[in-house]
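Structure at a glance
Spelled out from the first residue to the last, the chains are:
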Amino acid sequence: MNDRYAPGPQVTEPPSLNGRWQRDPALRFGTKLLKTWFPLWGSMSPLRDGAENDSTLLVRIVARTKVAEDENVIALTLADANGGPLPMWRAGAHLDLLLPSGRMREYSLCGDPATSDYYRIAVRRIPNGGGGSTEVHDTLTIGDTVKIKGPRNAFPIALPGFGSTATHLRFIAGGIGITPILPMLASAERLGLNWSMMYTGRSLDSIPFRDELTQYGDKITIRTDDTHGLPTMAELTGGSPTTGPAPGTAIYTCGPVPMLEGLRTYLRDRPDIELHYERFSPPPVENGNDFTIRLTSTNDEITVAANESMLTALRRVNPAVPYSCQQGFCGTCKIRATAGTIDHRDMTLTDTERDQGYLLTCVSRATGQLTLDI
Ligand code: FES
């Protein structure tokens, strides 16, 4: 939870789904106040609350394309089911996909923000995941309708000359982490900004959207683990092996947790570098402790280990328990506790919800034993 790494690189608010924890409380309060006084502020401000734009919309799948040679990543193009325009969005935004099974999953928008005709998302099949990606791959086809929520933006980009004092943009994508980065590249290119990118993956055939990226030529370096080994932090950031990235670089990155954690550590003492990141997987538990949860419906008692989330422990006995972001952002995993002491680790629930005993099982913890109304 205490994820802020100061002194360190400048991080915009919010830098990641997980980074909602890092949002400055004063900024959040100020934003809420402005939205109360000036309703238009909500649509103008990059400091959006996750709960905004929370109504559902029915969309139709109008295209389905394999975008990686290993055939494990598909892109879905979604249009309004009634033929209308879709809500506008900006690079870095994501939407919630409400699957027929009742699962909800978040996917970054990787199409063109300049059009309101369609959205595009991309989904990598994760065979041993929670079932959301396999459901998308195995059941959703062209012509199907599906509900979405959003878009919402937890990973906004501030472009040099348009809200950022940076002089160079460095994008770093790991595998399916390319999805929020794709529209950022388009924006940077359209505005003629100075940018470069490192794109990493296990192997060439696992890397999505390679064909689409050829338009950017040598601004993008593709590097795969099977051929080149793991990249160094200097290689990822495009900097000198001895002095690191040039001052004035703004880094936008999305990929596996070890890569993001490595970058954070590497840039810890570089306040002249902006680091903005988004995770696709849960952050590691920090300052964890063992505790137990008891389920009122079955009286089951489950131990939550110090290094795992309550959600992970719950899913061992009930794989169908709802969740989505796993980062304390979307609220899907909200459950009420009827007894015990909660260690809230989110910035999403309201005081009223907390007073009523609600908690987010993906990030929050407890001391001793917690009784859950499930
Ligand atoms: S799964 Fe999104 S807040 Fe817990």
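A brief look at the structure comes next.

Re the pattern of salt bridges
It is possible for side chains bearing opposite charge to pair when their charged atoms get close. Across all of its chains, the model carries 19 salt bridges by this definition. Between Lys 66 and Glu 71 there is a salt bridge whose closest N-O contact spans 3.7 Å. Assessed through its relative accessible area of 51%, Lys 66 is described here as exposed. The partly exposed category is assigned to Glu 71, whose relative accessible area is 47%. Between Arg 336 and Asp 373 there is a salt bridge, and its shortest N-O distance comes to 3.6 Å. Here Arg 336, found in strand E16 (residues 334–343), pairs with Asp 373, found in the segment after strand E18 (365–372); they are 37 residues apart in sequence, far enough to count as distant. For Arg 336, a relative accessible area of 30% translates into the label partly exposed. Ionic contacts of the salt-bridge type, sharing partners, join the residues Asp 96, Glu 106 and Arg 152 into one network.

Observations concerning the packing of aromatic side chains
In the structure shown here, the tally under the stated rule is four aromatic pairs. Their ring planes at 70° and their centres at 5.9 Å tell us that Phe 171 and Trp 195 sit as a pair that is edge-to-face. With Phe 171 in strand E9 (residues 168–174) and Trp 195 in strand E10 (residues 195–201), this pair connects stretches of sequence that are 24 residues apart. Neither Phe 171 nor Trp 195 differs from the other in exposure class; each is buried. Pairing Phe 171 with Tyr 252 gives two aromatic rings, centres 6.2 Å apart and planes at 40°, and the pair type is tilted. Residue Phe 171 is located in strand E9, and its partner Tyr 252 is located in strand E12 (residues 249–255); the two are separated by 81 residues in the primary sequence. Summarising the burial analysis for this pair, Phe 171 and Tyr 252 share the class buried. Here the aromatic residues Phe 155, Phe 171, Trp 195, Tyr 216 and Tyr 252 are joined through ring pairs into a cluster of three or more. Between the NZ or CZ atom of Arg 105 and the centre of the ring of Tyr 323, over which it lies, the distance is 4.1 Å. Taking the ring centre of Tyr 358 as reference, the NZ or CZ of Lys 334 above it sits at 4.8 Å.

A few points about unusual backbone geometry
Cis geometry is adopted by the peptide bond preceding Pro 151, which originates at Gly 150 and carries an omega value of 0°. With respect to the helices, strands and loops of the structure, Pro 151 is situated in strand E6 (residues 145–153). In the Ramachandran plot, Phe 209 falls in the positive-phi region, its phi being about 65° despite a non-glycine side chain. Of note, Phe 209 is situated in the loop between E10 and helix H5 (210–213).

Cut-offs used in this document
- All residue numbers refer to position in the chain's written sequence, counted from 1.
- Reporting in this predicted model follows two pLDDT cut-offs: at least 70 for local features of residues, and 80 or more for side-chain atom pairs to be given and counted; totals over whole chains, interfaces and linings ignore these cut-offs and use all residues.
- Just so you know, side-chain values use all the structure's heavy atoms and leave hydrogens and water out.
- Any carboxyl oxygen of Asp or Glu within 4 Å of a side-chain nitrogen of Lys or Arg constitutes a salt bridge here.
- Any residue under 20% of the maximum accessible area for its type is buried, any over 50% is exposed, and the rest in between are partly exposed; the area is computed with a 1.4 Å probe on protein chains only.
- Starting at the N terminus, helices and strands are each numbered in turn, a helix being any DSSP run of H or I of at least four residues and a strand any DSSP run of E of at least two.
- Only Phe, Tyr and Trp rings take part, Trp by its six-membered ring, and two of them pair if their centres are within 6.5 Å. Stacked means planes under 30 degrees apart, edge-to-face means over 60, and tilted covers everything else.
- The rule for a charge over a ring is simple: NZ of Lys or CZ of Arg within 6 Å of the ring centre, and within 35 degrees of the ring normal.

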